[in-house]
Amino acid sequence: MKLLLVTVGHKMPDWITAGFNEYAKRMPREAKVGLLEIKPEPRTTGKTVQQIMEAEAQRILAALPSNCLRIALDERGATWTTRQLADKMRDWMGEGHDVAFIVGGADGLHESVKNGSRQLLALSAMTLPHGMVRVLLAEQLYRAHSLLHNHPYHRE
């Protein structure tokens, strides 16, 4: 199973890259975490927010691997506990699914991306910086995997 974070944005601070890489390298071969950065649409072209989101959606959809299960991150999505994420991860592994977690740009995700996703997921009821989402999600994926394999990283 491959887990892919598809994120609109680039040129993250070094600490974001280091944090993401730390958790990604901890993942075992059977559940690798990757990052696919999508170039954001320029905000200086006079396009409306809707047009910007549509352009970013086209880039996202074109970049997604075929037949992957899509999870769109959205502040109005479902909130899962780490245990629930671990249970979902076990299901995905059993079904042989690769999973793409999709993080939108500054204005969020276009409806076409949300509607084409199996699940909307919120990491928090608070709005989080997009770079921080990379680190948080990578850590939670590692934690969920460690929980499934009785690794002492996660404690309840």
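Caption draft 1: Region of the structure containing the overall build of the protein. Across its full length, the protein holds five helices and five strands. For the protein, the N- to C-terminal ordering of α and β elements is β-α-β-α-β-α-β-α-β-α. For 156 residues, the compact-globule estimate of 2.2 N^0.38 gives 15 Å, and the protein sits close to it at 15 Å. Across its three principal directions, the C-alpha atoms of the protein cover 50 × 35 × 30 Å. Here the protein, with 156 residues, has 42% of them falling under the buried criterion. Sequence-distant contacts in the protein: of pairs separated by 6 or more residues, those separated by 24 or more amount to 80%. Accessible surface computed for the protein: about 8500 Å², of which carbon and sulfur atoms make up 51%. The protein carries 20 positive and 17 negative side-chain charges, and their two centres are separated by 4 Å.

Caption draft 2: Spotlight on unusual backbone geometry. Positive phi, normally seen in glycine, also occurs at Lys11, with a value near 55 degrees. Considering the arrangement of structural elements, one finds Lys11 in the loop between β1 (2–8) and α1 (14–26). One non-glycine residue, Asn67, lies in positive phi territory at about 65 degrees. Inspection of the secondary structure assignment puts Asn67 in the loop between α2 (49–63) and β3 (69–78).

Caption draft 3: Representation of the side chain of Thr7 within the structure. In this fold, Thr7 is placed in strand β1. Polar side-chain contacts of Thr7 include one of 3.0 Å to the side chain of Arg134. Those residues in contact with Thr7 that lie beyond four places of it in its chain are Leu35, Leu36, Glu37, Ile38, Val103 and Arg134.

The rules behind the values
- Residues numbered from 1 in each chain as written.
- Predicted model: local features only at pLDDT ≥ 70, side-chain atom pairs only at ≥ 80, totals over all residues.
- Heavy atoms only, no water.
- Helix = DSSP H or I, 4+ residues; strand = E, 2+ residues; numbered from the N terminus.
- Rg over C-alpha atoms; globule rule 2.2 N^0.38 Å.
- Buried < 20%, exposed > 50% of the residue type's maximum accessible area, 1.4 Å probe, protein only.
- Contact = heavy atoms within 4.5 Å.
- Areas by Shrake-Rupley, 256 points an atom, 1.4 Å probe, with all protein chains shown as cover.
- Lys, Arg positive; Asp, Glu negative; His and termini not counted.
- Charge placed at Lys NZ, Arg CZ, Asp CG, Glu CD.
- Polar contact = N/O pair within 3.5 Å; in protein donor to acceptor, adjacent residues only side chain to side chain.

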